[in-house]
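The primary structure of each chain is shown beneath.
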Amino acid sequence: TSLLGGCRSEAARELGHSAAPPEPSTRLVPIRVKVNAKPRNVEVDADTSALELVRGQLGLRGSKLACGHGVCGACTMLVDGAPVAACLLPATSLHERSLTTVEGLTGAGGLHPVQRAFMAEDALQCGYCTPGFVVEASAFYAQWRAEHGAKEPERDVVAAALAGHLCRCGAYENIVVAVQRACRGDYEREVTAPPRHEAREKVTGAAQYTVDVQLPDQLEVAVLRSPHAHARVLRVDWSQALAMPGVAGAVDMMSGATLLRFVGQEIAAVAACDARTAAAALGRIVVEYELRPAAIGMAAARAPDAEKVYPTMSTRRKASNHSEGPLLPQRWDGNLRGPFSLFSHHAPKLRRAIRSLRAEPGRGMLVEGKYTTQTQCHSCLEPHACVAHWHADQLVVHLSTQAVSQIAEDIAERWHLKESQVRVLAQHVGGGFGSKATLGPEVVAAVELTRLTGKPVRVVLDRREELTVGGTRPAHETSLTLATDAAGELLGVSATSHADGGAAVGSTSTLLMRVMYADAAKDLADYDVLTHGPPSKPFRGPGGPPAFWALEQAVDEAATRLKADPVALRRRWDPNPARKLLYDWVEGLPAWRDRPKPQHDRGRMRRGMGVAVAGWMYFVQPSSQVQVEVGPGGFVVSTACQDIGNGTRTVLARTVGERLGVAPANIEVRIGDSKLVRGPMSGGSRTTASIVPAAIDAAEQARKYLMDQAASVLGVRGTPGHGGIKHPG
């Protein structure tokens, strides 16, 4: 359907809603506010937040919306010098006040000392939370310096001042150090060479994320989601929604299917002139459901009469994969899939040994336990977001993704386009952790609606949607037995793990146990337990944390029973030479060497010191390419990769700079564009391993070319070095 009318509210809104809010208000309130020292006269809706005003009407998008509930601090601004959560503050309360955003911290004298400190101390990763931290820290800096001069604040004082802020990547330690050193006066002058290549963009709010993309005539999308864990859709009627002024179109998100398998599953998506109108339209959609029994939790799913999530072989093929590897064929028994036992090692021998130890306990030791971990949400601070539009005959997709090249190919395949017709862009990505590696429903909704309406379309999950369907690590139950002989030598580990990945499969938790204590026998089995829950997604070393939680707890228990030092015992059992170096390093740490005895702290808040070991394989994507261009404008390094906080730009600039004798800061790095030479996805610890060899090769080719040119054009023959070509003249 075509656009039927104009919006009744000009206020931009960041979040869609899964439940219909009140109809948009039409009354606008005039206010006068000084924004970054410049007087502004604006009109706002009574429901408009300060964050919506600044990001929408004023176009200052450095401050970010992450939680929408005043919890995370990403939206922090200064009102009359005091930090506030702008997502909760009504814009009307800014009347006759002074507002400072992250963009306003940079003055005639350059960056604020806190911004310089964040750059120099590498107090950031993906950068999505950084503007909020910087603004809050600048207020603390001003107050601290006024009261204490250049004295360094204690760590706990800084931590308390920043307590309303979350960094999903986990840069807290460097953040605290940056604020301490800024307060003591270390960064009153400009920083020349920060560790991270894009640090300046991130501390000033200039880094653009998908949620920051705003195109002319851009439509906003709200998604109607299932309120039921298991139901059949009998009828969907969106005619009343399409009749609303400002609504541009709606699409089916079930691709013709009718069965719903989890709460939050997408049913329909509506595009409108703003997010409030789109969200209000959801309340006009009529859906008739036939409710069905739901299997919630592993116990219910394994019951003999449990409703099957995927009752037939054809439906089982629809189950998504929450691991980072391919799905191998497995046996199904109702909602139970498995066992996956491919990586067992001398399992029959270990079973005999365990039976023998149970019969004669004096011949060795068994450590047995059941270890559980709960479902964990990825909860990227930048939610899943997509902006799609047509530029001539090319589909341009701005996407918060871990795989610009691969997603471009997937989009072309799904919508039967040539690869040259698809361009995926991701200049900065506010975290992914595995949940943004595949083509998701946000892409489907955006592409389908831009095809329908002919206008740019933006889909952004709100925090409730992100927590529901944005991605999770499966809950695990692992039964583990560790066996030793009478001398305390490790005989082997037997482990059976059951994973609740909702409507997804792919558990290989015990695979990670195979790479630890590798000489010992292993009897390993993984099962998927299908439930009517949102499908899990790959999550930072899929299967690893639950596996190592179980294994390392058992090893610690063995050390206690054997009266052995826990590091020494691991060194004794572990043949890996690299980890032996780590054990040496740990034993030399004062924190470990001088640790208090176990259970020394008996107070309400107890602190102790422990040790655990983990391992993860890294991958290489051999098809990866890096391009190095040299010319009058300098050096440009490019690849169709992306940076989710892992430092891709920095790795490329340093690698090429070292080979060419050029300071990394003088190299322009271009990534986040599928039209560049093909780069790797950011997942499976493959990015650096894939791009560094390619970057070295390209840089050496460029160096040879420049040397040849110097010889043939200038008659200069010498050897390459830092600063240029070394030669007798």
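Heads up: these notes are all about the structure in this document.

1. As for the overall build of the chain
Part 1 of the reasoning: Each helix and strand counted, the chain has 21 helices and 30 strands in total.
Part 2 of the reasoning: By the compact-globule yardstick of 27 Å for 729 residues, the chain fits well, its C-alpha radius of gyration being 28 Å.
Part 3 of the reasoning: When its C-alpha atoms are laid out on the principal axes, the chain stretches across 85 × 85 × 65 Å.
Part 4 of the reasoning: Counting across all 729 residues of the chain, residues that qualify as buried make up 53%.
Part 5 of the reasoning: Counting only contacts in the chain whose residues sit at least 6 apart along the sequence, the fraction spanning at least 24 positions is 75%.
Part 6 of the reasoning: For the chain, the computed accessible surface area is about 32,000 Å², with 52% contributed by carbon and sulfur atoms.

2. So, the side chain of H428
Part 1 of the reasoning: As for its placement among the helices and strands, H428 is situated in the loop between β19 (422-425) and α13 (441-453).
Part 2 of the reasoning: Classification of H428 by relative accessible area gives buried; the value is 7%.
Part 3 of the reasoning: Excluding its chain neighbours within four sequence positions, the residues that come into contact with H428 are E198, K202, A207, Q208, Y209, T210, E382, D643 and R649.

3. A few points about the packing of aromatic side chains
Part 1 of the reasoning: Within this structure, the stated rule accounts for five aromatic pairs.
Part 2 of the reasoning: Centre to centre, the rings of Y128 and Y209 are 5.3 Å apart; their planes meet at 90°, and the pair counts as edge-to-face. Taken together, the residues span a long stretch of sequence, with Y128 in the loop between α2 (113-120) and α3 (130-148) and Y209 in the loop between α6 (199-204) and β6 (219-225) at a distance of 81 residues.
Part 3 of the reasoning: Since its relative accessible area comes to 1%, Y128 is described here as buried.
Part 4 of the reasoning: A residue is classified by how much of its surface remains accessible, and Y209, at 3% relative accessible area, is buried.

4. What to know about helix α1 (residues 50-57)
Part 1 of the reasoning: Along α1, six of the eight residues are buried, which leaves the element largely enclosed by surrounding structure.
Part 2 of the reasoning: All buried positions along α1 are accounted for by A50, L51, E52, L53, V54 and R55.
Part 3 of the reasoning: Residues of α1 that are buried sit in contact with β1 (28-35), β2 (38-45), β3 (76-79), β5 (97-100) and α8 (275-282).
Part 4 of the reasoning: Note on α1: the residue one or two positions beyond its end, G59, has a positive phi of about 70°.

5. A word on the environment of R649
Part 1 of the reasoning: Relative to the helices and strands, R649 is located in helix α20 (residues 648-660).
Part 2 of the reasoning: A residue is classified by how much of its surface remains accessible, and R649, at 6% relative accessible area, is buried.
Part 3 of the reasoning: For the pair R649 and G492, spaced 157 residues apart in sequence, the C-alpha separation works out to 43 Å.
Part 4 of the reasoning: Setting aside residues up to four positions removed in sequence, R649 forms contacts with H197, E198, Q427, H428, D643, V669 and I671.

6. Thoughts on the pattern of salt bridges
Part 1 of the reasoning: In this structure the tally under the stated criterion is 44 salt bridges.
Part 2 of the reasoning: One salt bridge connects E52 with R276, and the closest N-O pair in it is separated by 3.3 Å. With E52 in helix α1 and R276 in helix α8, this pair connects stretches of sequence that are 224 residues apart.
Part 3 of the reasoning: For R276, a relative accessible area of 9% gives the class buried.
Part 4 of the reasoning: The salt bridge involving R351 is made with D523; its shortest N-O contact spans 2.8 Å. You can see R351 sitting in helix α11 (residues 347-359) and its partner D523 sitting in strand β25 (residues 521-529), a full 172 residues away along the chain.
Part 5 of the reasoning: Residue D523 is classed as buried on the basis of its relative accessible area, which comes to 14%.
Part 6 of the reasoning: Where salt bridges share partners, they join D45, E52 and R276 into one cluster.

7. Some points on the sheet that holds strand β26 (residues 627-631)
Part 1 of the reasoning: With respect to topology, three strands assemble into an open sheet ordered β26-β27-β28, the strand pairing being mixed. Strands at the two margins of the open sheet, each flanked by one partner only, are β26 and β28 (667-670). For this sheet, the mean inter-axis angle between neighbouring strands, taken without regard to orientation, is 20°.
Part 2 of the reasoning: Where strand β27 (residues 634-638) and β28 come together, four bridges link them in parallel fashion.

The rules behind these values
Residues numbered from 1 in each chain as written. Predicted model: local features only at pLDDT ≥ 70, side-chain atom pairs only at ≥ 80, totals over all residues. Heavy atoms only, no water. Helix = DSSP H or I, 4+ residues; strand = E, 2+ residues; numbered from the N terminus. Rg over C-alpha atoms; globule rule 2.2 N^0.38 Å. Buried < 20%, exposed > 50% of the residue type's maximum accessible area, 1.4 Å probe, protein only. Contact = heavy atoms within 4.5 Å. Areas by Shrake-Rupley, 256 points an atom, 1.4 Å probe, with all protein chains shown as cover. Phe/Tyr/Trp six-rings, centres within 6.5 Å; stacked < 30°, edge-to-face > 60°. Salt bridge = Lys/Arg side-chain N within 4 Å of Asp/Glu carboxyl O. Pairing = 2+ DSSP bridges. Axes fitted to C-alpha atoms, helices over the stretch in contact; angles between N-to-C directions.

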